[in-house]
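These are the residues of each chain, in order.
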Amino acid sequence: MSGQKIIRDGKSFAAICRTSEYGWENSLLFNSIKANGEELLASPVRIYGEENGRVLDFGTAECFAVERDNETNLCCAAECGNYIIDTSICVENDGCCQIDLKLLPRGKRVTEVFGVEKYKNDDLNLNKLVLEIPLKTETATHYHYWPQETNFSQPVCGSDKLDKDLSLPFKPLLWLGTTERGLCFFSDSDENWQPESKKAIEVLRREECVLLRLNLLGEKPHGWVRRADENGEEFLPAYGYMPVTFRFGFQATPVKTFPKNPYENKSLHIDCFKKIPGNYRDYLFSEPKDGKDKNYFDRMKRLGGTCLYLHEKWHRIQNSGYYSEDEEKQTDEIVFECKKRGIKVIPYFGYEVSTLSPDWNAAAHDLRKTEGMYENGGGWYRNPPQRDYIMCFNSPQADRMADDIAKVVERFGFDGVYLDSALFPVPCLNEAHGCGYEKDGKRHVTYPVTAIRRFMKKLREILPSGALINVHLSNCCMVPAMSFCDGIWDGEFIQTQLNREGIERLSEGLMQAEYTGRNFGIPYEFVAYSLPNWSFENALCLAVPHGILPRPNDADDALSVIAPYWAAYVHFPVAQSVWHPYWNSGLPIFSKNDTVKCSFYEYESYEGKHERLLLFGNLSKTPNKATLSGKISYAKCLTDESAAVLCKDGLEIRLKSYGAAVVYAVFG
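Residues numbered from 1 in each chain as written. Predicted model: local features only at pLDDT ≥ 70, side-chain atom pairs only at ≥ 80, totals over all residues. Heavy atoms only, no water.

Student: When you look at the overall build of the protein chain in this model, what are you seeing that I'm missing?
Tutor: The helix and strand tally for the protein chain stands at 12 helices and 44 strands. Here the protein chain has a C-alpha radius of gyration of 28 Å; the compact-globule value for 668 residues is 26 Å, and the two agree. Taken along its principal axes, the extent of the C-alpha atoms in the protein chain is 95 × 65 × 45 Å. Burial status across the protein chain gives 58% buried among its 668 residues. Summed over its atoms, the accessible surface of the protein chain is roughly 28100 Å², and 48% of this surface lies on carbon and sulfur atoms. Taken as two groups, the 78 positive and 92 negative side-chain charges of the protein chain have centres that lie 3 Å from each other. (Helix = DSSP H or I, 4+ residues; strand = E, 2+ residues; numbered from the N terminus. Rg over C-alpha atoms; globule rule 2.2 N^0.38 Å. Buried < 20%, exposed > 50% of the residue type's maximum accessible area, 1.4 Å probe, protein only. Areas by Shrake-Rupley, 256 points an atom, 1.4 Å probe, with all protein chains shown as cover. Lys, Arg positive; Asp, Glu negative; His and termini not counted. Charge placed at Lys NZ, Arg CZ, Asp CG, Glu CD.)

Dropping the structure here:
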């Protein structure tokens, strides 16, 4: 247990972390998990097995703490019948619990070895081992898992409200929770898992709880086979079987305290999706197309931007620490002009190794490998002509990339780094760096969940104090690495669906579980592209009522669209206000087909006035009108002068197709 407060009370232990707390009491695993002070468990975690129809309950354990190299582990041991389970748990300051669980035969005591007591050498027909985490019903209303059974051409289905039981094959990531808190299960590998059928993970809604069931074994472990020599002499009796080990973890969310004002960073991301001609320096110094500013530096400053993200083209060799003399000069000029205007600058780093890099030969054997189309790590085409191949964070290349990032940030005075898809634990079976495992004559993939956490942890440690780490999630809420992030960017995965069919099959539960940020403790920005049937402006209807904003990737039109929204949040005391999301705000609001959603921030002034920043979104292709009942003395739309009108019964808001609006109103 690293960096957090450990409390021992008799046979009970508690780990007090940044935003969470874990408790053990004579148990192999937790009897309490708290997130932001709220208990998540309905009852203690349970581990049980089954042998010949008899239930084996490992309910009582001996626990003690051990220390080495400034790390404390809680070790717990229990036995039932002919079996022992040992666990070792390391809890870090952000609440990440990494667990080793070992199942093994009890073996012979000394008295049995010498024949003083008789040893009954059972064949050890254990045919089930189950880990159950009973969560309070009210703390498990939504879910997210990865990988999802979908792709860019199909509807997203890995996040939603938990309105039915889930039966899943092994998933390296599963989160259950609410829009405020939750619990994440994670594991790099299903090695040694032998679930019955494909039901490795079940989420079962019971009257008294929501039961997360991990079916570790549904049959006798494959390695537990009695062996004899050519004379029939037994040389591996049942008690000699080796332990079966399961490695996994849990982490309560949020992983850190959500900022009081999540809108302070007003970012422009150039050359992402909408590409720009030429180099970044020439573009930024050119006159914007509306002619209102001398250059794009001035335009960004005038419209309220506080941070500029440079995409891939800021240096020629993708994702490396190499840069040429002219790139060095160009980057210095960009940083100077931005800093002169109080604008931060953050560069892009991806998750790949370039064929143009002098490091290619040293890193090529460390690429991600799997079966199918991307069996050798993918390979994006970039300019100047090169291919970028996906690296695995379990490889030594991860350390090299972290060091390169830190050196680049220091050299140019960057304000942090933007990591593209770095929290995406792509499956890998490259044995050169320890990924994958052998089973039934075939190599199976593993997932570098803990390796990505290790990379992010190192990066946080070696970057200068105050440097921002902003990460593109790629639709994977990688909780064990999130606590090292300052901001999250997500939504690219659903852009194709939005362009193809609008919002019609996009569930509110998906947005609530995956895109608000509060349940994970990290502020989000929404990916929004200008597509033939879906625009950056359309994205506001999804983002605004969920408490986030889209990040513009166009310094012209999109920057003009977002500017009044940035300004609206600047002039309202968000940091001193209470957040009321539409799904539990209790607002008396009516619209046709209930497609207009309204969340709000509420601030009580010194004069006792209830000031609200109302965040409207019309989740429909059809223009709509909504009425908000109540005694409202003043109202002004901050993003569209004609959108809001005071009437005798309250407020009337008119929204266009996929429209949004921010309204300041005084109640009472």
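Don't stop here, the text continues.
Student: In this structure, what is going on with the layout of surface pockets? I would like to understand it.
Tutor: Where empty space is left in the structure can be found by rolling a water-sized probe over the atoms. In this structure, the second largest pocket encloses a volume near 630 Å³. In this structure, the second largest pocket is lined by 24 residues; those nearest its centre are Q98, D100, D188, R247 and T450. Going through the elements one at a time, β9 (71-80), β10 (83-91), β11 (96-105), β22 (244-253) and α7 (449-462) are the ones with two or more residues in the lining of the second largest pocket. If one sorts the elements of the lining of the second largest pocket by residue count, β22 sits on top with five residues. When its residues are assigned to classes, the lining of the second largest pocket shows five nonpolar, 10 polar and nine charged. (1 Å grid on protein atoms, 1.4 Å probe; cavity = no way out; pocket = protein on both sides within 12 Å on 5 of 7 lines; lining within 4 Å. Points joined across faces, edges and corners; volume = space filled by probe spheres on them. Nonpolar A, V, L, I, M, F, W, Y, C, P; charged D, E, K, R; others polar.)

Student: Would you explain the sheet that holds strand β16 (residues 173-177) in this entry?
Tutor: Sheet strands pair via backbone hydrogen bonds, and the direction of the pair is either parallel or antiparallel. Reading across from one edge, β8-β9-β10-β11-β22-β17-β16-β13-β14 is the order of the nine strands in this open sheet, with antiparallel pairing throughout. Edge positions in the open sheet fall to β8 (62-68) and β14 (159-161), since each of these has one partner strand only. With direction set aside, neighbouring strand axes in the sheet form an average angle of 20 degrees. Where strand β17 (residues 182-186) and β22 come together, five bridges link them in antiparallel fashion. (Pairing = 2+ DSSP bridges. Axes fitted to C-alpha atoms, helices over the stretch in contact; angles between N-to-C directions.)

Student: Explanation requested: the packing of helix α6 (residues 397-412) against α7 in the structure shown.
Tutor: For any two helices packed against each other, the geometry is given by the interaxial angle and the distance between the axes. Their axes nearest at 10 Å, the elements α6 and α7 cross at an angle of 25 degrees. In terms of axis orientation, α6 runs roughly parallel to α7. Of the two elements, α6 crosses α7, and the hand of that crossing is right-handed. Residues A398, D399, M401, A402, D403, I405 and A406 of α6 form the contact with α7, whose participating residues are F455, K458, L459 and I462. (Parallel < 35°, antiparallel > 145°, perpendicular 65-115°, else oblique. Left-handed = near helix turned anticlockwise from the far one by under 90°. Contact = heavy atoms within 4.5 Å.)

Student: Looking at this structure, how should I read unusual backbone geometry?
Tutor: Most of the time, phi is negative for any residue but glycine, and the peptide bond is trans. With an omega of 10 degrees, the peptide bond between T253 and P254 qualifies as cis. By the secondary structure assignment, P254 is in the loop between β22 and β23 (267-270). In the segment running from N383 into P384, the intervening peptide bond is cis, with an omega of -5 degrees. Its location among the elements puts P384 in the loop between β27 (380-382) and β28 (386-390). Phi at D440 is positive, roughly 55 degrees, even though this residue is not glycine. Looking at the secondary structure, you find D440 in the loop between β30 (437-439) and β31 (442-444). The phi torsion at N593 lies on the positive side, around 60 degrees, for a residue other than glycine.

Student: Quick question: what am I supposed to make of the pattern of salt bridges here?
Tutor: Side chains bearing opposite charge may pair, as long as their charged atoms lie close to each other. All chains considered together, the criterion is met by 43 salt bridges. Its salt-bridge partner being R460, residue D486 comes within 2.6 Å of it at the nearest N-O pair. Pair noted here: D486 is in the loop between α8 (479-482) and β33 (487-490) and R460 is in helix α7, with a separation of 26 residues, a long-range link. (Salt bridge = Lys/Arg side-chain N within 4 Å of Asp/Glu carboxyl O.)

Student: Mind showing me how you'd approach empty space enclosed by the protein here?
Tutor: Taken as a whole, this structure holds two cavities of 30 Å³ or more when the rule is applied. Roughly 70 Å³ of volume is contained in the largest cavity. In terms of lining, the largest cavity is formed by Q318, N319, S320, E352, V353, S354, S357, D359, Q397, M401 and D404. Only β26 (352-354) and α6 provide two or more residues apiece to the lining of the largest cavity. In the lining of the largest cavity, the residues fall into two nonpolar, six polar and three charged. Considered as a void within the structure, the second largest cavity measures approximately 40 Å³ in volume. Classifying every residue of the lining of the second largest cavity gives six nonpolar, one polar and no charged.

Student: Help me understand a nonpolar patch on the surface, please; the structure alone is not making it clear to me.
Tutor: A contiguous nonpolar surface patch, about 470 Å² in accessible area, is contributed by V110, V113, F114 and V116. Structurally, the position occupied by V116 is in the loop between α1 (110-113) and β12 (126-135). (Patch = residues over 30% accessible without salt bridge, like charges linked within 9 Å, V, L, I, M, F, W, Y side chains within 5 Å.)

Student: Quick question: what am I supposed to make of the packing of aromatic side chains here?
Tutor: How two aromatic rings sit relative to each other is given by the distance of their centres and the angle of their planes. In this structure the tally under the stated criterion is 36 aromatic pairs. When the ring centre of Y48 is taken as origin, the NZ or CZ atom of R46, which lies over that ring, is 4.0 Å away. Looking at R551, its charged tip hangs above the ring of W489, at a distance of 4.5 Å from the centre. (Phe/Tyr/Trp six-rings, centres within 6.5 Å; stacked < 30°, edge-to-face > 60°. Lys NZ or Arg CZ within 6 Å of the ring centre and 35° of its normal.)

Student: I keep staring at the sheet that holds β26 and nothing clicks. Help me out?
Tutor: Spatially, β26-β28-β27 is the arrangement adopted by the three strands of the open sheet, whose pairing is antiparallel. Only two strands of the sheet have a single neighbouring strand rather than two, namely β26 and β27. Direction aside, the axes of adjacent strands within the sheet are offset by 30 degrees on average. Note: β27 against β28, three bridges, orientation antiparallel. For R382, the partnering residue across the bridge sits in β28 and is Q386.

Student: Where do I start with the packing of helix α11 (residues 536-543) against helix α12 (residues 557-570) in this structure?
Tutor: Two elements in contact, α11 and α12, have axes separated by 9 Å at closest approach and are oriented at 30 degrees. As far as their axial angle goes, α12 and α11 are roughly parallel. Contacts from F536, E537 and L540 of α11 reach α12 at A558, V561, I562 and Y565. Its residues assigned to classes, the contact of α11 with α12 shows six nonpolar, no polar and one charged.

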